Amino acid sequence: MEETYLNFIKPFLDTTEELSIIPTGVEASYSKEKNCKALIFDIYGTLIISASGDIDQDEFSGTMYREALEAAGYDVKTENDEELIKMHDVFLMMLEIHKKKEKARGSIFPEVDILAVWKDVLEESERLKLLRLSEAGNLKLFVFVLELKSNKVWPMPGLKNLVARLKTTGLPLGIVSNAQFYTPVIMNYFLYNEIKGRAFLDGFDEDLSVFSYKELKGKPDKAIYEVMLPALKKRGIKPEEVLFVGNDMLKDIYAASQVGFKTVFYAGDQRAYRPRNEHPEASKVKPDHVITELTQLFEIIS
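Owing to the predicted nature of the structure, the values given are computational and were not obtained by experimental measurement.

### Topic: the environment of Asp202
Residue position: Asp202 is located in the loop between helix 8 (182-192) and strand 7 (209-211). Accessibility expressed as a relative area gives 18% for Asp202, which makes it buried. Separated by ten residues in sequence, Asp202 and Tyr192 place their C-alpha atoms 8.8 Å apart. Other than its neighbours up to four places away in sequence, Asp202 contacts Asn188, Leu191, Tyr192 and Lys196. A distance of 2.4 Å separates the side chain of Asp202 from the side chain of Arg198, its partner in a polar contact.

Have a look at this one:
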């Protein structure tokens, strides 16, 4: 099934439509960092443009469900797309059930493995006579295609050059992202135009790459940032020697600062601009740097 999923996903990625950033009007404000020893990034809204603004703000329709189900080999039993959108209500219900389970296990900001959620959704949808499950159906392909249709994404301007140049600096590069299994696949495709089944981004350090679906906890829980502290310590890197780059003042800047990281607020795209002025804690935090273009990072770390 894994090979089938990877073999069939490239045509859908190849038809991804280009997105342009929408400027925020924010003025960049940054200075040189004399002691930066590692760079850690958020993904959605920072390294890639998300049409919906973030991974958890997708927009769905019955047509999207039908296209994803049929692409993945499932037998759709209704010809009415308005009937098929009932699957989304089932999804929201199952999502809440799974999050409650993780919260009961002690997670403050629970995350789910989206494949486990969708497995339950499809089984319930079969009971509702919306579709018929079979061995020919591919769960990962369905979820991936639905994600691409409901949340259009595109690399931030200069992403390839950014990563290529950063690799020449010798700085450890990491990720802390609210993400699912398809996120590294999308990123590797944008960076290298290849479909890779690895659950990490090529060019980034695996032990400094933390994805919420693997930890079953998400930002702004500072615990997800703490996951990488032992790996940083092994390198002799202190938290204050780390620069974290993100677009959300709560999930990224506030949360990263709680573990001692220095922060870079990326305010480059209006869709993902999250100043969080209404949040009682995040609104009091001041990032160490504000950038509006990713290339400005080189002026900070040079």
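### Regarding the pattern of salt bridges
In total, this model carries 23 salt bridges according to the counting rule given. Two residues, Lys262 and Glu33, come together in a salt bridge whose shortest N-O distance is 3.1 Å. Taken together, the residues Lys262 in strand 9 (residues 262-266) and Glu33 in the loop between helix 1 (2-14) and strand 1 (38-41) connect sequence positions 229 residues apart. The class of Lys262 is partly exposed, set by a relative accessible area of 29%. Judged by relative accessible area, which is 11%, Glu33 ranks as buried. The salt bridge partner of Asp75 is Arg132, with a shortest N-O separation of 3.5 Å. Residue Asp75 is located in strand 3 (residues 75-76), and its partner Arg132 is located in strand 4 (residues 131-132); the two are separated by 57 residues in the primary sequence.

### Considerations on the packing of helix 4 (residues 86-104) against helix 5 (residues 114-127)
Helix 5 packs onto helix 4 with a crossing angle of 135 degrees between their chain directions and a minimal axis gap of 9 Å. Judged by the angle between their axes, helix 4 and helix 5 are oblique. For the crossing formed where helix 4 meets helix 5, the hand is right-handed. Facing Met87, Val90, Phe91, Met94, Leu95 and His98 of helix 4, the residues of helix 5 in contact are Ile114, Ala116, Val117, Trp118, Asp120, Val121, Leu122, Glu124 and Ser125. Here the contact of helix 4 with helix 5 is composed, by residue class, of eleven nonpolar, two polar and two charged.

Basis of the calculations
- Residue positions are given per chain, counted from 1 along the sequence in the order it is written.
- With the structure being a predicted model, the display of local features is reserved for residues of pLDDT at least 70 and the display and counting of side-chain atom pairs for 80 or more, all residues being used for whole-chain, interface and lining totals.
- With hydrogens and water set aside, each side-chain value is computed from the structure's full complement of heavy atoms.
- In this description a helix means any DSSP run of H or I spanning at least four residues, a strand means any run of E spanning at least two, and both kinds are numbered starting from the N terminus.
- Relative accessibility under 20% of the residue-type maximum defines a buried residue, over 50% an exposed one, and the middle range a partly exposed one, all with a 1.4 Å probe and only protein chains included.
- Whether two residues touch is decided by their heavy atoms; if any such pair falls within 4.5 Å, the residues are in contact.
- Contacts described as polar in this section are N or O atom pairs within 3.5 Å, which, within protein, must combine one atom able to donate a hydrogen with one able to accept it, while residues neighboring in sequence count only if both atoms come from side chains.
- Any carboxyl oxygen of Asp or Glu within 4 Å of a side-chain nitrogen of Lys or Arg constitutes a salt bridge here.
- Lines are fitted to the C-alpha atoms to define the axes, a helix being fitted only along its stretch in contact, and any angle between axes, read from their N-to-C directions, falls within 0 to 180 degrees.
- Put simply, angles under 35 degrees are roughly parallel, angles over 145 are roughly antiparallel, angles from 65 to 115 are roughly perpendicular, and the rest are oblique.
- Note: crossing handedness is left-handed where the near helix turns anticlockwise from the far helix by less than a right angle, and right-handed where it turns clockwise.
- Polar here means any residue outside two lists: the nonpolar Ala, Val, Leu, Ile, Met, Phe, Trp, Tyr, Cys and Pro, and the charged Asp, Glu, Lys and Arg; Gly therefore counts as polar.

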